[in-house]
Amino acid sequence: MGTFHQGKHALHGITVLVETETGEAWVGRCDDLVGGELRLRDADVHPGDASPSERAAWLDRARRIGVWPNHRRVSLPEASVRSLRRLAED
Amino acid sequence: MPYSPLLVRPMREELVAAGFEELTTPDDVDRFLGQPRGTALLVVNSVCGCAAGMARPGVRLALESGPRPDRLGTVFAGQDLEATARARSHFADIPPSSPSMALFKEGSLVWFLPRHRIEGRDALDVAADLRDAFAEHCATAPVG
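Note that the structure is predicted; figures quoted are calculated from it, not measured.

J.: Where do I start with unusual backbone geometry in this structure?
T.: For the peptide bond that leads from Ser98(B) to Pro99(B), omega is 0 degrees, which places it in the cis range. In this structure, Pro99(B) sits in the loop between helix H4 (81-89) and strand E4 (100-105). Phi angles above zero are rare outside glycine, and Asp42(A) is one such case at about 50 degrees. Looking at the secondary structure, you find Asp42(A) in strand E3 (residues 37-46). Despite not being glycine, Glu106(B) shows a phi value in the positive range, around 50 degrees. Mapping Glu106(B) onto the fold places it in the loop between E4 and strand E5 (108-113).

The structure is reproduced here in structure tokens:
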């Protein structure tokens, strides 16, 4: 039992890891992929110029306990997305 | 805007029927988590069907047999706002998510299951994670 949202992308409600063409890593709850935009909620971002070890540590923590919702709503141009996958499967 | 209490009631009752105490005020939370002895499972309940729809059945399955926490409590995110905030203050280093589950032993957090490790899984998988945590941290016999 629960409240579901029909008509959304298959990843709606799922926490995803998004890597962009500029090297940023976003983790947030996918709301939808529509109109050329990937919409995330309660997301946080790791900068594109971070070192591999910093990125690995950030991702390890995100996988274990999640991320702080520093960005309540984010829209990323679909064209800027290099990869999109479930955080739990990363 | 919070969902209608009428809509939420069955989601509350699903955990109450499994033996959970509803913690609807900060005082409820402090009393529940303030006990220094034994183990306590706190479930942050949620309306969202994407994850909570499997969280609650997973919890119920996990409690059917084997080791289990001495105390069971739940707050409802988006509904009991002050109680949820107080509950989260007991694990303030962990980002907020709902549904989520926290297991305490002797008053300290020993295990946490965030929302993203519930989403997209079925109740059996969630129950398996809980049973592993109960086996590691919970005595078979409840503390009196």
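J.: Any chance you could explain the sheet that holds strand E5 (residues 81-86) of chain A here in plain terms?
T.: Two orientations exist for strands paired in a sheet by backbone hydrogen bonds: parallel and antiparallel. Residues and elements named next belong to chain A. Read from one edge to the other, the open sheet built from five strands follows the order E4-E3-E2-E1-E5, with strand pairing classed as antiparallel. Every interior strand has two partners, whereas the edge strands, strand E4 (71-77) and E5, have only one. Here the average twist between neighbouring strands, direction ignored, is 40 degrees. Taken together, the five bridges between strand E1 (residues 15-20) and strand E2 (residues 25-34) define a ladder with antiparallel strand orientation. Residue pairing in the sheet places valine 18 in a bridge with tryptophan 26 of E2. The strands touched by helix H1 (residues 52-65) are E1, E2 and E3; relative to E3, the strand with the most contacts, the crossing angle is about 110 degrees.

What counts and how
Residues numbered from 1 in each chain as written. Chains lettered and ligands numbered in written order. Predicted model: local features only at pLDDT ≥ 70, side-chain atom pairs only at ≥ 80, totals over all residues. Heavy atoms only, no water. Helix = DSSP H or I, 4+ residues; strand = E, 2+ residues; numbered from the N terminus. Pairing = 2+ DSSP bridges. Axes fitted to C-alpha atoms, helices over the stretch in contact; angles between N-to-C directions. Contact = heavy atoms within 4.5 Å.

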